[in-house]
Amino acid sequence: MNSLRVRLGVLGLALLTGFTTPTAASAAQAAPSPTVEEQRLGRAAPQEILRRSGFDTVAPGLARALEAARSYGEARRAVTREGARLWQRAVDRVQGRGPAGGDLSRDDDRPLYWARLGMTREVRTWEPEFGLTDGQRAALLDGLERASRGQDTIGYPQGKGLKRILLTGFDPFTLDRDIRISNPSGATALALDGTVIETADGPARIETAVFPVRWQDFADRTVERALRPHLPKVDLFTTVSQGRVGRFDIERTNGAWRGGFEDNDNVGRTGTVPVSAPASQPQWTTTTLPYAAITAAQTGRFPVYDNTSVTEIPAGGTEPVVRPDGPTPGSTARAGGGGDYLSNEIAYRATLLRDRLGLHGTLPGGHVHTPVLQFGAGNTTEVTDPEFVRNRLDIIAQVRAILRVAAEAS
């Protein structure tokens, strides 16, 4: 989402370092400072969200577990255990299991986001007596990120007669513009994880994961690492993010370009999407979702569009041109239908992975943009209100209905 795409509200992860063998304390490095993203935790709205959901106990719980760790191995087990507990707790809360922990609406994705940042801050600033190398700390953060985002717990029951659907969402973003922001794609991921929808062809099981809004995590191949084991086994996938006001979009085409809009760490990146084997990297990838059936169906109160527009530099040209009907042969990508931010990038990466796995003709997959999640009229200070909750619940329900249509049409 560069300046051209800010109005769209488009969304759009983790280090590749494995868990390493502990080294001597003499090799330890000083603990780094909290990130820009983590530093927002101290503001009033995040603290209220954590308090009103009961998730204000999460980071202190991890801090106690780290304090009790007497080795790197114990710390590794603690962060992955507590990260997985956070993900499951967030899923359970949204799906109505267990105590609500406060008066914040259960459908809210923000407790997970802010609690995770509290946990990563604890790990990032922790200075154990036995010492940590930079690589070990990075591996702890990586394990925590994956576990607390549902990325390493995707799994489907064995047997025939069950369709398998994979869906991804995103963290809140543009938080310096409004710290109260929620992301309906992340809320949808929590609401649908592990659920079953009944289709005309039988039941379909949905598994989900959430990704950060950070350029570097994507460059570190977090999307490919999370999705590669599962795409050959699922019947349908869709990446989901927040898009335009008042509408859903099925994005027809994804572009290989980063537009430079700042991420949650206030870092911008401009250039070709960095992927493996760049010599064979296409400028464009396309959806294989059944977009005609989805846009024709009555799935909810928001209209659903087949969005074919892109921005390209035509073959032989030098300036970007908007193409309402998709890219022309030989053109260079400057924005997919979903823009040039991380929502376009996750769609590009997921569909490129589909194609490189040889699944283009057999696996329906692509990107869905939800409406922008809006507060009620006049609410500029409160962290929630009835219209805000209604909008989020309606978006979640409509994504579920879109999945049903897509599964039946595939």
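Residues numbered from 1 in each chain as written. Predicted model: local features only at pLDDT ≥ 70, side-chain atom pairs only at ≥ 80, totals over all residues. Heavy atoms only, no water.

Observations concerning the environment of S276
Here S276 shows up in the loop between strand 8 (270–272) and strand 9 (284–286). On a C-alpha basis, the gap between S276 and R85 in space is 33 Å, while along the polypeptide they are 191 residues apart. When near neighbours in sequence (up to four residues on either side) are disregarded, S276 contacts R221 and R356. (Helix = DSSP H or I, 4+ residues; strand = E, 2+ residues; numbered from the N terminus. Contact = heavy atoms within 4.5 Å.)

Topic: the pairing of strand 5 (residues 248–251)
The side-chain alternation of strand 5 yields two buried faces, one formed by F248 and I250 and the other by D249 and E251. As judged from the three bridges shared by strand 5 and strand 14 (residues 365–370), these two strands associate in the antiparallel manner. What sits directly across from E251, in strand 14, is H367. (Buried < 20%, exposed > 50% of the residue type's maximum accessible area, 1.4 Å probe, protein only. Pairing = 2+ DSSP bridges.)

Quick look at unusual backbone geometry
The backbone of N266 sits at a positive phi, close to 60°, despite the residue not being glycine. Of note, N266 is situated in the loop between strand 7 (257–259) and strand 8. Here A277, not a glycine, exhibits a phi torsion of approximately 50°, which is positive. By secondary structure assignment, the location of A277 is in the loop between strand 8 and strand 9. Classification of A277 as partly exposed rests on a relative accessible area of 42%.

So, the packing of helix 3 (residues 58–68) against helix 5 (residues 110–125)
As a packed pair, helix 3 and helix 5 sit with axes 8 Å apart at the nearest point and diverge in direction by 25°. The angle between the axes of helix 3 and helix 5 places the two elements in the roughly parallel class. Helix 3 and helix 5 meet at a crossing whose hand is right-handed. Contact with helix 3, carried on its side by V58, A59, L62, A63 and L66, involves A115, G118, M119, E122 and V123 of helix 5 and no other residues of that element. (Axes fitted to C-alpha atoms, helices over the stretch in contact; angles between N-to-C directions. Parallel < 35°, antiparallel > 145°, perpendicular 65-115°, else oblique. Left-handed = near helix turned anticlockwise from the far one by under 90°.)

A closer look at the sheet that holds strand 5
Taken together, seven strands build an open sheet; the order of strands is 2-3-1-4-14-5-10 and the sheet is mixed. Looking along the sheet, the strands with just one partner apiece sit at the ends: strand 2 (196–199) and strand 10 (304–307). Mean inter-strand twist for the sheet, computed between neighbouring axes without regard to direction, equals 25°. Relative to the sheet, helix 12 (residues 386–409) contacts strand 1 (163–170), strand 2, strand 3 (202–211), strand 4 (236–242), strand 5, strand 10 and strand 14, its axis offset from that of strand 2 by approximately 50°.

Comments concerning empty space enclosed by the protein
It is the rolling of a water-molecule-sized probe over the atoms that shows where space remains empty. Estimated volume of the largest cavity: approximately 50 Å³. Lining of the largest cavity is provided by D109, L112, Y113, R116, F170, D171, P172, G186, L190 and V210. Examining the composition of the lining of the largest cavity, we find that three residues originate from one element, helix 5, more than from any other. When the residues that make up the lining of the largest cavity are grouped by side-chain class, the tally is six nonpolar, one polar and three charged. (1 Å grid on protein atoms, 1.4 Å probe; cavity = no way out; pocket = protein on both sides within 12 Å on 5 of 7 lines; lining within 4 Å. Points joined across faces, edges and corners; volume = space filled by probe spheres on them. Nonpolar A, V, L, I, M, F, W, Y, C, P; charged D, E, K, R; others polar.)

Some thoughts on the nonpolar core
Formed by 67 residues in total, the largest nonpolar core has its most connected members in W114 and L403. The contacts of L403, once residues within four sequence positions are left out, are I165, L167, L192, I197, I206, L236 and T238. The next biggest cluster of nonpolar side chains, apart from the first, holds 24 residues, and it includes W215, F261, L359 and L363. (Core = buried A, V, L, I, M, F, W, Y, C linked by side-chain atoms within 4.5 Å.)

Brief notes about the packing of helix 7 (residues 184–192) against helix 12
For the pair helix 7 and helix 12, the least separation of the axes is 9 Å and the interaxial angle reads 65°. Helix 12 is crossed by helix 7, and the crossing has right-handed handedness. Together, P184, A187, T188, A191 and L192 of helix 7 and R392, I395, I396, V399, R400 and L403 of helix 12 make up the contact between the two elements.

Digging into the sheet that holds strand 12 (residues 321–323)
The strand order across the open sheet formed by three strands is 12-11-13, and the pairing between neighbours is antiparallel. Of all the strands in the sheet, just strand 12 and strand 13 (332–335) have a single pairing partner and so form its edges. Ignoring strand direction, the axes of neighbouring strands in this sheet form an average angle of 45°. Bridge count between strand 11 (residues 310–313) and strand 13: three bridges; the pairing is antiparallel.

Quick word on the confidence of the model for the protein
Looking at the protein, pLDDT values average 93 and 93% of them are 70 or higher. Of the regions scoring below 50 in pLDDT, residues 1–26 engages in 95 contacts with residues more than four places distant in sequence or in other chains. (pLDDT = per-residue confidence, 0-100.)

Overview of the packing of aromatic side chains
Enumeration over the complete set of coordinates arrives at eight aromatic pairs. Their ring planes at 70° and their centres at 4.8 Å tell us that Y113 and W114 sit as a pair that is edge-to-face. Neither Y113 nor W114 differs from the other in exposure class; each is buried. Relative to F388, the ring of F375 has its centre 4.1 Å away and its plane inclined at 5°; by these criteria the two rings are stacked. Of this pair, F375 sits in the loop between strand 14 and helix 12 while F388 sits in helix 12; the two residues are 13 residues apart in sequence, bridging distant segments of the chain. Accessibility assignment for this pair places F375 and F388 in one class, buried. One residue, R180, lies across the ring of F375, its end atom 3.9 Å from the ring centre. (Phe/Tyr/Trp six-rings, centres within 6.5 Å; stacked < 30°, edge-to-face > 60°. Lys NZ or Arg CZ within 6 Å of the ring centre and 35° of its normal.)

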